[in-house]
Amino acid sequence: MHDHTTPATSTTTQAATSTATSGTEDDHVYLSLAEAAPGPEGEGRWAYGTGFADPLLGVDTALPAGLDGADLAAYCLMLGDDALILAQRLIEWCTRAPELEEEVALANLGLDLLGQARLLLTRAGQADGTGRSEDDLAYWREEHEFRNVRLVETPNGDFAYSIARLLLFATTRGVLYEALSAHPDPVLAAVAARGVKELAYHREYATAWTLRLGDGTPYSAERMQAGLDAVWPLLEELFTAHPVERRVGVDPAELREPVLRALGAVVAEAGLTVPDVPPLATVLGRAGRDGVHTEALGPLLAELQVVARAHPGATW
Amino acid sequence: MTESPAAPHAESPAEHKAEHKAGSKADSRACWPLYEVFVRPRRGLNHVHVGSLHASDDRMALLAARDLYTRRNEGVSLWVVRSDAITASTPDERDPFFEPSGDKVYRHPTFYDIPEDVPHI
Amino acid sequence: MVTAEVAEAVPAQTPEDRFEAVIAAEQRIEPRDWMPDAYRATLIRQIAQHAHSEIIGMQPEGNWLTRAPSLRRKAILLAKAQDEAGHGLYLYAAAETLGVDRAELTEKLISGRQKYSSIFNYPTLTFADVGVIGWLVDGAAICNQVPLCRCSYGPYARAMVRICKEESFHQRQGFELLMTLMRGTEAQRRMVQDAVDRWWWPSLMMFGPPDADSPNTARSMAWRIKRHSNDELRQRFVDMTVPQAEHLGVTLPDPELRWNEERGGWDFGEPDWSELTRVIHGQGPCNTQRIERRRTAHEDGAWVREAAVAHAAKRAAEHAAAAAAAEQHTEQENGK
């Protein structure tokens, strides 16, 4: 039996019944702790989000016939960059959350998104034939090469802003992943299938907090409304199709109706108002999916990439 | 050491909570109620008490319990229950020390005032 | 929910006798048992300090979360920071069984009335610090913590079992990172040695002052809160770490470090205890910023915590009103 599948109860019992006081007893405990647990079941698995099984186990990574590699790569970059950049923003909450339980929860969201980003970027490097790794793509692309929507890159703001952003993103991405779990690319389909479960949790988390803040104190309701007002102009971009999305993915226009309906229900239950605001303008028709971002992305990437770029060719 | 036992706090955690009026200046000590967490490690086993956490409502407690106590797949089922909803026996009912608070589980929050002049507590 | 404990048959007349008998029998003291006030106070102080250390300890490594140079390292580091928040939570919960609440302990932390491990008042200056903290700081923490799994106070001991299992992952990831860096470029190797030079002595100080200057040790050991003296644990840590340093190919910055055949352990130099004293008393490089960050998070979060409480109260009132209405309805039906 693997170490970490041992029920907590039995380890507790062991500790409670081990009554020897000698140092050797502790040494024994220490050694058993220090035993390596290699392989996919080892410690490293915790670094891949909350899904424990490798989502790509037994999945054929060969590019299916009939799929354009460049298109698939671009599409994986779009979804992967969304996840990566939002993960980076969530990570910025670490040591700043309103309560310790929320530290743990926000880190979980970040880990899930980071896990999705890694798989999607890796897939992009496979699909375009360059063999670039997740790190090549995360650390060595320039700002204009990032394909994420602008919603995920804006600074965190207060807790209400971050919750509002998460609500919009998780609701939309959950619906998208559901559709993508039947995608002809088996890798993308597998990532989406696991992502559906993760995003369901993210959505519940964001929904619950929207309700608590909207229906909490007058001050929290004001903050939550302000958060929704601030992120809402960025929502339209999530429903605006890039040609690549139409060719190889799900047309995001199809998400508009179910997402708006779901968001409207949450906002209403929270006693708040669906913002009536125009979408954030694009630049000559181009936005995040075309690599045209807000000013917020540059500093985010500078921070994300600085160590890796100071050591070209180094392994970490 | 010079600390001496003090009278248990008069107020329960729930009463403490009620003092925070909506809209008033936020009290940074506003603290969520305590929940006890029980995990069924595997099918066929009982739920076992694994610890506690703070949450403002049942659903938050359940989600936090999932994040905290089963993030390494330690369980197949979770229970959370407000600590103040548990009635427990005292180890020794004769013990006068515990009589005043005899039905509060684990004597959790704020039952002790430690005098300010006791160092490093 | 109603519970009843089966009283254990420890024949004794007074609560003091019973407490002593439980300790002597290597059984656990549980929250509702009688315990000496000083035992309770010692535990509160120690567990709170331990919890604070986990929470403040997120900061030095968290400093590198946004800059981690690979996505794998970023994920591992985030998982580790998350564990530390979890450990802090387990420990605050253990302290709460002794009759203090977390908010109170947090207040004491940010007002400086309770301490945390001084090691976290040192800065993390390169990414190699992440590895060295995992290896040395978490290694020292494990030496300190493994015996606590058998601490006489049940909730603390149980929290430590859980924590120790997770800490082992922390130490391994640190060592593995260092091995990778030592196999890497010249700049990476220099980074590791520099980090080892800065963290070695503070790590040794984590075990506390020498036994001769540790007045509370004897009593804590008698109460089975502590199992080994500071110097014993420090020696054990050095003996375990020296071969690991050789394996890594780094030099521990202590010219007095040599094998003592006679006693089968490594001799090592004296840490600068006056520096430890200064750091404990708030003059460490990062004391102010660590507390300030914690204070800011706590205060900025106040309106969020308060909103959640207000929301829960409203929902509870709605449920109560609905239940009352339903009852009234039933009564009317029955009355017909």
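Here, every reference points to the structure presented above.
Treat the numbers as computed from the prediction; the structure is a model and nothing was measured.

Conventions adopted
Residues numbered from 1 in each chain as written. Chains lettered and ligands numbered in written order. Predicted model: local features only at pLDDT ≥ 70, side-chain atom pairs only at ≥ 80, totals over all residues. Heavy atoms only, no water. Helix = DSSP H or I, 4+ residues; strand = E, 2+ residues; numbered from the N terminus. Buried < 20%, exposed > 50% of the residue type's maximum accessible area, 1.4 Å probe, protein only. Contact = heavy atoms within 4.5 Å. Areas by Shrake-Rupley, 256 points an atom, 1.4 Å probe, with all protein chains shown as cover. Pairing = 2+ DSSP bridges. Expected span 1.5 Å × (residues − 1). Buried area = accessible area lost by both parts, 1.4 Å probe. Salt bridge = Lys/Arg side-chain N within 4 Å of Asp/Glu carboxyl O. Polar contact = N/O pair within 3.5 Å; in protein donor to acceptor, adjacent residues only side chain to side chain. Axes fitted to C-alpha atoms, helices over the stretch in contact; angles between N-to-C directions. Lys, Arg positive; Asp, Glu negative; His and termini not counted.

**Q** Would you mind showing me how to read the overall build of chain C here?
**A** What chain C contains, in helices and strands, is 13 helices and two strands. Expressed as a percentage of its 336 residues, the buried residues of chain C come to 62%. Taking contacts inside chain C between residues at least 6 apart in sequence as the whole, the part at least 24 apart equals 77%. Total accessible area on chain C is roughly 12500 Å²; 54% of this is exposed by carbon and sulfur atoms.

**Q** Any chance you could explain the pairing of strand β1 (residues 34–40) of chain B here in plain terms?
**A** Each regular strand shows side chains that alternate between the opposite faces of the sheet. Residue and element names in this part refer to chain B. For β1, a buried count of six out of seven residues is recorded, marking the element as mostly surrounded by other parts of the structure. Sheet analysis places β1 next to strand β3 (residues 77–82), joined by six bridges and oriented antiparallel. Note on β3: the bridge partner recorded for V39 is L78.

**Q** Quick question: what am I supposed to make of the environment of L106 of chain A here?
**A** Residues and elements named next belong to chain A. For L106, the position within the fold is in helix α4 (residues 100–127). In this structure the C-alpha to C-alpha distance between L106 and L90, which are 16 residues apart in sequence, comes to 6.5 Å. Apart from residues no more than four positions distant in its own chain, L106 is found in contact with L90, W93, A97, F159 and Y205.

**Q** I'm lost on helix α2 (residues 37–56) of chain C in this one. Help?
**A** Along an α-helix, a turn takes 3.6 residues, which lines up residues three or four apart on a common side. If you check α2 of chain C, its first and last C-alpha atoms are 28 Å apart, about what 20 residues at 1.5 Å a residue would give, namely 28 Å. In terms of residue burial, α2 of chain C counts as a mostly covered element, since 17 of its 20 residues are buried.

**Q** What exactly am I supposed to notice about the interface of chain A and chain C here?
**A** Note: interface size is frequently given as the accessible area lost on complex formation between the parts. Contacts between chain A and chain C engage 75 residues on the former and 67 residues on the latter. Between chain A and chain C, a total of about 6100 Å² is buried, with carbon and sulfur atoms accounting for 66% of that surface. Summed over the shared surface of chain A and chain C, the result is four salt bridges. Between R102 of chain C and E99 of chain A there is a salt bridge whose closest N-O contact spans 3.0 Å. Counting across the interface, chain A meets chain C through 17 residue pairs in polar contact (both at pLDDT 80 or more). When residues of the side of chain A that touches chain C are assigned to their parent elements, the largest contribution, 11 residues, is made by α4 of chain A.

**Q** How do you make sense of the sheet that holds β1 of chain B when you look at a structure like this?
**A** Residues and elements named next belong to chain B. An order of β2-β1-β3 is seen for the three strands of this open sheet, with the pairing classed as antiparallel. Both edges of this open sheet fall to β2 (48–54) and β3, since each of them pairs with a single strand only. Within the sheet, the average angular offset between the axes of one strand and its neighbour, ignoring direction, is 30°. Where β1 meets β2, six bridges bridge the pair, whose relative direction is antiparallel. Within the sheet, the bridge partner assigned to F38 lies in β2 and is H49.

**Q** Explanation requested: the side chain of R28 of chain C in the structure shown.
**A** All names here are of chain C. With respect to the helices and strands, R28 occurs in the loop between α1 (15–24) and α2. One buried charged residue, R28, remains without a salt bridge, the closest side chain of opposite sign being E26 at 4.6 Å. There is a polar contact of 3.4 Å between the side chain of R28 and the backbone oxygen of E26.

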